[in-house]
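An overview of the molecular structure
Read off the chains here:
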2 protein chains.
Amino acid sequence: MTLYGGIEAGGTKFICAVGTGPNDLRAVARFPTTTPAETIGQAIAFFQQQPEPVAAIGIGSFGPVDPDPSSADYGTITSTPKPGWQNVRLREQIQAALRVPVGFDTDVNAAALGEHRWGAARGLDTFIYLTVGTGIGGGGMVGGRLMHGLIHPEMGHIRVPHDWQADPFAGTCPYHGDCLEGLASGPAVERRWGVPGDQMPPDHPGWQLQAHYMAHGLATFVCTLSPQRIILGGGVMQQEQLLPMLRKAVQTLLNGYVQSPAILEQIDQYIVPPALGGNSGVLGAIALAEREARRTKRPAR
Amino acid sequence: MTLYGGIEAGGTKFICAVGTGPNDLRAVARFPTTTPAETIGQAIAFFQQQPEPVAAIGIGSFGPVDPDPSSADYGTITSTPKPGWQNVRLREQIQAALRVPVGFDTDVNAAALGEHRWGAARGLDTFIYLTVGTGIGGGGMVGGRLMHGLIHPEMGHIRVPHDWQADPFAGTCPYHGDCLEGLASGPAVERRWGVPGDQMPPDHPGWQLQAHYMAHGLATFVCTLSPQRIILGGGVMQQEQLLPMLRKAVQTLLNGYVQSPAILEQIDQYIVPPALGGNSGVLGAIALAEREARRTKRPAR
């Protein structure tokens, strides 16, 4: 059985795993994201300590990144605000140390690929995976291809209508203030209400506001991309009361205009949590490794 | 030389043409969109009267449509508000009368394909074509494929921030009121200011507001899709003063976050008019015909 390695490189923590799929994760390690030298060193050590070698590694990384295989900076974390991590050649460092093919994409595209390979997006060709946590980010597939383009999507940074009278909170985004991420990320919820979301009761009025902003985001993505499904991950989505409010708010916003049964009748199966739970990212990284092995056509070692 | 036929089926007018490309349009006819029987009849008669037969026909249609070749309703105009045109099986009628392969897509995807084949999107794999006229609609390619998904994008129907104090106009969209189309389509401009856009002087304050709303739309599309270029067609874009205002407003809204030279330094080549001018749609329909002929692999008759 060919083994693959996956690295979910998050801005808060790294998750590394070895395996072949959701039912065969042989080793998993989690550690906080500190300095590049320490954290990347830990990831390299994890793979070096495995009893069996991996045929390839996949990395799903926080960003912004350069995900273009034809670019000189492919696999680099570029202009991130995270101190010390600008211009870190993550893929190159992993590849140089472990000497296997290394696939690379954004964290959200990796999670999307994981859900496509084994989870809630199986059989679909156009869908998005959105994470709502420390930040808001989105990736996915259109016509069967992972989304890239000019660089890669930055779905959290769209502007949404903001009623300053009802919600005078100015938003947390250092670039845009009240973009979607600025209004509805985990830190935005905490700063607006003075308490972290996981300490707010389910009937706190903040959740209705949260559903309102997120529904604006999702309705925009529906109109722009026409996804066949929307998968919502990330820490904020652990609030189970959110999903039903959000589905209803999306229907209200679209107001019957997009005449698909998926939205009009079966929205419970249209806006869904990840089938792989918290493992979408690292499993997606393993799926990236599979792809990379196929692409490079090296025999498994 | 194999000839192809193209039909740009607009809600206001139909354009039919025969040819092989932008430098070889042998016949072109334009007529107003009245009833389906009359208008589709005129299109059929146009092709029947040609001295040489066409190998295939492409249709780029107003919508919403069903653009899914595997659907029983492929090529049908579905839930359009245009009286008499609901559930019109446009592709089927053309195919039955003219008995050649018929390709079908949205008007904006056809225009995008035309610009990809011969115009401003040559060599790109991810871009959008947006029309701003009677309505606002968008199509394009992601990863080299025309955008479809659940149905097809409805880019004009995204919500954008609307400052009711600065602009108390409620918008014209019967579904959403103040979505982008409701605030910035041609009819919205005319209803807000009481005069059609083409009679407003270039220094009318309405153009600054128009650039503001459109820039919100474009910045949203940049964040959601990461296009390599944005092509802007449609009647409202005939206002030449708009494009420079719009480019600047997009840069201001993105505020340096998307760190690509295309946006930071060369936005004049990033947000552009169609290279095929008013012919993007009908030439794109001819490009759809080419594709359909290739797909069906019938010899040219």
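**A few points about the sheet that holds strand S3 (residues 24–32) of chain B**
Residues and elements named next belong to chain B.
- With respect to topology, five strands assemble into an open sheet ordered S3-S2-S1-S4-S7, the strand pairing being mixed. Each edge of the open sheet is held by one strand with a lone partner, namely S3 and strand S7 (102–106). Direction aside, the axes of adjacent strands within the sheet are offset by 15° on average.
- Of the strand pairs in this sheet, strand S4 (residues 57–61) and S7 are connected by five bridges, and their pairing is parallel. If you follow Ile59 over to S7, its bridge partner there is Phe104.
- The strands that helix H2 (residues 90–98) touches are strand S1 (4–9), S4 and S7; relative to S4, the one it contacts most, it runs at about 160°.
- Contacts from helix H3 (residues 107–118) reach strand S2 (13–21), S4 and S7, with the element oriented near 110° to S7.

**Examining the sheet that holds strand S11 (residues 230–233) of chain A**
All names here are of chain A.
- Pairing in this open sheet of five strands is mixed, and the strands run S10-S9-S8-S11-S12 from one edge to the other. Strand pairing shows two members of the sheet lacking a second neighbour, strand S10 (145–146) and strand S12 (271–272), which therefore form its edges.
- Looking at chain direction, strand S8 (residues 127–132) and S11 are connected through four bridges and run parallel. Within S11, the position partnered with Tyr129 by the bridge is Ile231.

**Focus: the nonpolar core**
- Ranked by internal contacts, the top residues of the largest apolar core, which has 97 residues, are Leu218, Leu232 and Ile271 of chain A together with Leu218, Leu232 and Ile271 of chain B.
- In contact with Leu232 of chain B, not counting residues within four places along its chain, are Leu130, Met214, Leu218, Met237, Leu243, Leu246, Ile271, Val272, Pro273 and Pro274 of chain B.

**Section: the pairing of S3 of chain B**
- Sheet topology places S2 of chain B next to S3 of chain B; eight bridges connect them, and they run antiparallel. In the sheet register, Gly21 of chain B faces S3 of chain B, and the bridge partner there is Asp24 of chain B.

**Focus: the interface of chain A and chain B**
- Opposite the 42 residues of chain A that make contact, chain B presents 42 residues.
- When chain A packs against chain B, close to 3,700 Å² is buried across both sides, 61% of that on carbon and sulfur atoms.
- Counting across the interface, chain A meets chain B through zero salt bridges.
- Our enumeration of links across chain A and chain B arrives at 24 residue pairs in polar contact (both at pLDDT 80 or more).
- Those elements giving two or more residues to the side of chain A that touches chain B turn out to be helix H6 (205–225), helix H7 (242–254) and helix H8 (261–264) of chain A.
- Among the elements that make up the side of chain A that touches chain B, the one with the highest residue count is H6 of chain A (six residues).

**Quick notes on the domain arrangement of chain A**
Residue and element names in this part refer to chain A.
- When the domains of chain A are assigned, the result is domain 1 (4–107 + 278–297) and domain 2 (120–273).
- Put simply, the middle of domain 1 and the middle of domain 2, counted by C-alpha atoms, are 26 Å apart.
- Each partner contributes to the interface: domain 1 provides eight residues, whereas domain 2 provides eight residues.
- Note on domain 1 versus domain 2: buried area summed over both sides is about 690 Å², and carbon and sulfur give 54% of it.
- Three residues stand out in domain 1 for area buried against domain 2, namely Pro67, Asp105 and Arg291, and they jointly supply 44% of the buried area on that side.
- Here domain 1 is connected to domain 2 by zero salt bridges.
- Between domain 1 and domain 2 we count two residue pairs in polar contact (both at pLDDT 80 or more) in total.
- Listing elements by their share of the side of domain 1 that touches domain 2, those giving two or more residues are strand S7 (102–106) and helix H9 (280–296).
- Taken together, the residues of the side of domain 1 that touches domain 2 break down into three nonpolar, three polar and two charged.

**Remarks on the packing of helix H3 (residues 107–118) of chain A against H9 of chain A**
All names here are of chain A.
- Look at H3 against H9: their axes get within 7 Å of each other, and the N-to-C directions meet at 80°. The angle between H3 and H9 places the two elements in the roughly perpendicular class. On H9, the residues that touch Ala110, Ala111, Leu113, Gly114, Glu115, Arg117 and Trp118 of H3 are Ser280, Gly281, Leu283, Gly284, Ala285, Ile286, Ala287, Leu288, Glu290 and Arg291.

**Concerning the environment of Tyr74 of chain B**
All names here are of chain B.
- For Tyr74, the location among the structural elements is in the loop between strand S5 (65–66) and strand S6 (76–77).
- Judged by its relative accessible area of 13%, Tyr74 is buried.
- When the C-alpha atoms of Tyr74 and Leu90 are compared, they prove to be 9.2 Å apart, with 16 residues separating the residues in sequence.
- Every residue in contact with Tyr74, bar those within four places of it in the chain, is listed here: Asp66, Pro67, Asp68, Pro69, Arg91, Val102, Gly103 and Phe104.

**What to know about helix H5 (residues 186–193) of chain B**
All names here are of chain B.
- Gly186, Ala188, Val189 and Arg192 are the residues of H5 that are buried. All buried residues of H5 fall inside an arc of 165° around its axis, so they share one side.
- Residues of H5 that are buried sit in contact with helix H4 (180–184) and helix H6 (205–225).
- Remark: Gly194 follows H5 within two positions and exhibits a positive phi of approximately 75°.

**Regarding the relation of the copies chain A and chain B**
- Structural alignment of chain A on chain B gives an RMSD of 0.0 Å, achieved by rotating through 180° and translating 0.0 Å along the axis. Here the copies are linked by what is in effect a two-fold axis. For chain A, the residue whose C-alpha comes nearest the rotation axis is Pro161 of chain A, separated from it by 2.1 Å.
- Of the interface residues in chain A, 100% have counterparts in chain B that sit at the interface too, so the contact is made through matching surfaces.

**A word on the environment of Asn87 of chain B**
All names here are of chain B.
- Relative to the elements of secondary structure, Asn87 occurs in the loop between S6 and H2.
- Here Asn87 falls in the exposed class, since its relative accessible area comes to 56%.
- Separated by 23 residues in the primary sequence, Asn87 and Pro64 have C-alpha atoms spaced 9.9 Å apart.
- Asn87 has contacts with Thr76, Ile77 and Thr78, leaving out every residue within four places of it along the chain.

**Regarding the packing of aromatic side chains**
- Enumeration according to the criterion identifies twelve aromatic pairs over all chains in this entry.
- Centre to centre, the rings of Phe14 of chain A and Trp85 of chain A are 5.9 Å apart; their planes meet at 45°, and the pair counts as tilted. Taken as a pair, Phe14 of chain A in strand S2 (residues 13–21) and Trp85 of chain A in the loop between strand S6 (76–77) and helix H2 (90–98) lie far apart in primary sequence, 71 residues in all.
- Judged by relative accessible area, which is 0%, Trp85 of chain A ranks as buried.
- Taking 4.7 Å as the distance between ring centres and 70° as the angle between the ring planes, the aromatic pair formed by Tyr175 of chain A and Tyr257 of chain B counts as edge-to-face. Of this pair, Tyr175 of chain A sits in the loop between S10 and helix H4 (180–184) while Tyr257 of chain B is found in the loop between helix H7 (242–254) and helix H8 (261–264), placing the two residues in two different chains.
- Taken together, Phe14, Phe31, Phe62 and Trp85 of chain A form an aromatic cluster joined through their ring pairs.

**A closer look at unusual backbone geometry**
- With an omega dihedral of 5°, the bond running from Gly63 of chain A to Pro64 of chain A counts as a cis peptide bond.
- In this structure, Pro64 of chain A sits in the loop between strand S4 (57–61) and strand S5 (65–66).
- Positive phi, close to 55°, is recorded for Arg99 of chain A, a residue that is not glycine.
- Among the secondary structure elements, Arg99 of chain A is positioned in the loop between H2 and S7.
- Of note in this structure, Asn87 of chain B is not a glycine but carries a positive phi near 60°.

Calculation rules
Residues numbered from 1 in each chain as written. Chains lettered and ligands numbered in written order. Predicted model: local features only at pLDDT ≥ 70, side-chain atom pairs only at ≥ 80, totals over all residues. Heavy atoms only, no water. Pairing = 2+ DSSP bridges. Helix = DSSP H or I, 4+ residues; strand = E, 2+ residues; numbered from the N terminus. Axes fitted to C-alpha atoms, helices over the stretch in contact; angles between N-to-C directions. Contact = heavy atoms within 4.5 Å. Core = buried A, V, L, I, M, F, W, Y, C linked by side-chain atoms within 4.5 Å. Buried < 20%, exposed > 50% of the residue type's maximum accessible area, 1.4 Å probe, protein only. Buried area = accessible area lost by both parts, 1.4 Å probe. Salt bridge = Lys/Arg side-chain N within 4 Å of Asp/Glu carboxyl O. Polar contact = N/O pair within 3.5 Å; in protein donor to acceptor, adjacent residues only side chain to side chain. Domains from an automatic or database assignment. Nonpolar A, V, L, I, M, F, W, Y, C, P; charged D, E, K, R; others polar. Parallel < 35°, antiparallel > 145°, perpendicular 65-115°, else oblique. Arc of directions from axis to C-beta. Least-squares fit on C-alpha atoms with pLDDT ≥ 70 in both. Phe/Tyr/Trp six-rings, centres within 6.5 Å; stacked < 30°, edge-to-face > 60°.

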